Amino acid sequence: MRTVLFKSIWRSAALGTFAVLLNGCGIMSWFHSSPGPKTPPPLSKGEKQISFSNQWQARLYGLWPINPYQGTDIAWQGRQIVVSDASGHLVSLSDTGSQQWIRSLVGKSARGATIAHGVVYTGTTAGQVFAFDAKNGHKLWSVQLTSEVLTPVVYAPDHLLLQTVNGHLWALDPKDGKVQWTFSMNQPSLILRAVSTPTVHDGVVYAGFADGTLAALSLSTGAELWHARVAIAHGSNELARMVDVAARPVVADGQVFAAAYQGNLAAYAAQSGTQNWSVPMSVYLTPVWFKGHLFVAEADGDIAEIDPGSGSVLWQNTRLKGHAMTGLSSCGDALLATDNGGYLYAFNPESGHRIGQTRVSSSGIQSSPVCLANDQILALSDAGTLYRIKLAKR
């Protein structure tokens, strides 16, 4: 085992039903006590088609509180891996797990970093955005925003995009962090604390908001092109009325797919915003577009394939119902998922059957698996251990 860093810390607070008031803006963030870790049904010998082998693991600082609605991203480019930890550090590793550099941040960056054109970008809970030289970790610039950064920084040509807890979408200049434009939607009094990461496609920014809205904006000016309601809040209390668009919009085949917690999964024409279809479905993890097919992990743990043309459910795997899923991605020929019990699952994307599973960590998995070359993935545990895992056909 390759050990990078170790620092024992106590958790400052357990996940509760409600979180504290943030930054004086009158918006409450809601932390749901996610379902306790569950043991999945075993696979029979005939079902096991994928095996997993641990290539290396690297121990980082501290403990990550599992928030199934908003996992930590792992940045990977070339032979460099960058992760943020629960103690307010940014750590750069080689693809063999060796530490390259470490930097302290103002605040914590639970959403992780982004690597683009030799620069590492990240935002923090203190509302700051940093840019570091990817080679040596030297700070290039930092800027202070008005509230906590809740998304990874998205790099687009001549723009950096991110969202903050107060409902603002920001565009910054990659050279110095100066604000280019901002856009905001009305925020409900209670939010999921899982803000949609913006998606950029053909000069258009697609972003989801806590009031259930999907907006399309000009990348260059921030002007609104169209907006649509993915879900409309209803219910007798604020918890029931939460319809946050927490999943990142997916753009494919001329459509934008967006999902809302306690709301709908919907498809819109990318240019006009015309709704093509909408189906009731509670989703907080970003759907996966894989080989021309759309896959989702529902809030109750079900995994499904959705017909991108009609919204019909083509198959649905209910064997993990009740599990708190923390990640959904693809690698090689398999659809992958992780949960708060520390399990990594592989599914046949054509049938939906589980074809492999392993328990990576007893503490839970914090991130969606990141697919590398040669059917290898990266996964980050709640205990602060980064794993590189090889997938192989049995």
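Residues numbered from 1 in each chain as written. Predicted model: local features only at pLDDT ≥ 70, side-chain atom pairs only at ≥ 80, totals over all residues. Heavy atoms only, no water.

If you check an unreviewed UniProt entry, the protein chain appears there as Outer membrane protein assembly factor BamB from Acidithiobacillus montserratensis.

**What to know about the overall build of the protein chain**
If you tally the helices and strands in the protein chain, you get zero helices and 34 strands. Looking at the 394 residues of the protein chain, the share that counts as buried comes to 59%. Across the protein chain, every contact between residues at least 6 apart in sequence was considered, and the portion connecting residues at least 24 apart equals 50%. For the protein chain, the exposed area adds up to about 15,500 Å²; of that, 50% sits on carbon and sulfur atoms. (Helix = DSSP H or I, 4+ residues; strand = E, 2+ residues; numbered from the N terminus. Buried < 20%, exposed > 50% of the residue type's maximum accessible area, 1.4 Å probe, protein only. Contact = heavy atoms within 4.5 Å. Areas by Shrake-Rupley, 256 points an atom, 1.4 Å probe, with all protein chains shown as cover.)

**Structural notes on the packing of aromatic side chains**
Two measures describe an aromatic ring pair: the distance that separates the ring centres and the angle between the ring planes. Tallied over the entire structure, the rule returns 13 aromatic pairs. Between tyrosine 121 and tyrosine 155, the aromatic rings sit 6.4 Å apart at their centres with planes inclined by 20°, giving stacked as the arrangement. Placement of tyrosine 121 in strand 8 (residues 119-123) and of tyrosine 155 in strand 11 (residues 154-156) is noted, with a sequence separation of 34 residues between them. A connected cluster of aromatic rings, assembled from ring pairs, spans Trp101, Phe130 and Phe132. (Phe/Tyr/Trp six-rings, centres within 6.5 Å; stacked < 30°, edge-to-face > 60°.)

**Topic: the nonpolar core**
Membership of the largest hydrophobic core comes to 18 residues, with the highest contact counts inside it found for Ile303, Met325, Leu335, Tyr345 and Phe347. Only strand 24 (288-290), strand 25 (293-297), strand 28 (325-331), strand 29 (334-339) and strand 30 (343-347) provide two or more residues apiece to this core. The element best represented in this core is strand 30, accounting for three residues. Sequence-distant contacts of isoleucine 303, that is, excluding residues within four places in its chain, are made with Val296, Ala297, Trp315, Gln316, Asn317, Met325, Leu335 and Phe347. (Core = buried A, V, L, I, M, F, W, Y, C linked by side-chain atoms within 4.5 Å.)

**Here's the deal with the side chain of serine 381**
One can find serine 381 in the loop between strand 33 (376-380) and strand 34 (385-393). With relative accessibility at 0%, the residue serine 381 sits in the buried group. A distance of 3.2 Å separates the side chain of serine 381 from the backbone nitrogen of alanine 383, its partner in a polar contact. (Polar contact = N/O pair within 3.5 Å; in protein donor to acceptor, adjacent residues only side chain to side chain.)

**Section: the pattern of salt bridges**
In total, this model carries seven salt bridges according to the counting rule given. The residue lysine 321 makes a salt bridge to aspartate 302 at a minimum N-O spacing of 2.8 Å. Residue lysine 321 is located in the loop between strand 27 (313-317) and strand 28, and its partner aspartate 302 is located in the loop between strand 25 and strand 26 (303-306); the two are separated by 19 residues in the primary sequence. For lysine 321, a relative accessible area of 43% gives the class partly exposed. Note on aspartate 302: relative accessible area 3%, which makes it buried. Ionic contacts of the salt-bridge type, sharing partners, join the residues Lys291, Asp333 and Lys393 into one network. (Salt bridge = Lys/Arg side-chain N within 4 Å of Asp/Glu carboxyl O.)

**A few points about the environment of glutamine 100**
Relative to the elements of secondary structure, glutamine 100 occurs in strand 6 (residues 99-104). For glutamine 100, the residues in contact, after removing those within four places along its chain, are Gln80, Ser92, Leu93 and Ser94. Of the polar contacts made by the side chain of glutamine 100, one reaches the side chain of serine 92; its length is 2.7 Å.

**A look at the sheet that holds strand 25**
An order of 24-25-26-27 is seen for the four strands of this open sheet, with the pairing classed as antiparallel. Sheet topology places strand 24 and strand 27 at the edges, where each strand pairs with a single neighbour. Across the sheet, the mean angle from the axis of one strand to that of its neighbour is 25°, orientation sign disregarded. Across four bridges, the pairing between strand 25 and strand 26 is antiparallel. (Pairing = 2+ DSSP bridges. Axes fitted to C-alpha atoms, helices over the stretch in contact; angles between N-to-C directions.)

**Concerning the pairing of strand 12 (residues 159-163)**
With five of five residues buried, strand 12 is to be regarded as a mostly interior element. Across three bridges, the pairing between strand 11 and strand 12 is antiparallel. Opposite alanine 156, over in strand 12, you have histidine 159 as the bridge partner. The hairpin formed by strand 11 and strand 12 contains two residues between the paired strands, and aspartate 158 there has a positive phi angle of roughly 65°. Here strand 12 pairs with strand 13 (residues 168-172) via four bridges, running antiparallel. Residue leucine 161 lies in a different strand from strand 13, and its bridge partner there is alanine 171. Once strand 12 ends, the chain turns through four residues before running back antiparallel as strand 13, passing glycine 167 with a positive phi of about 90°.

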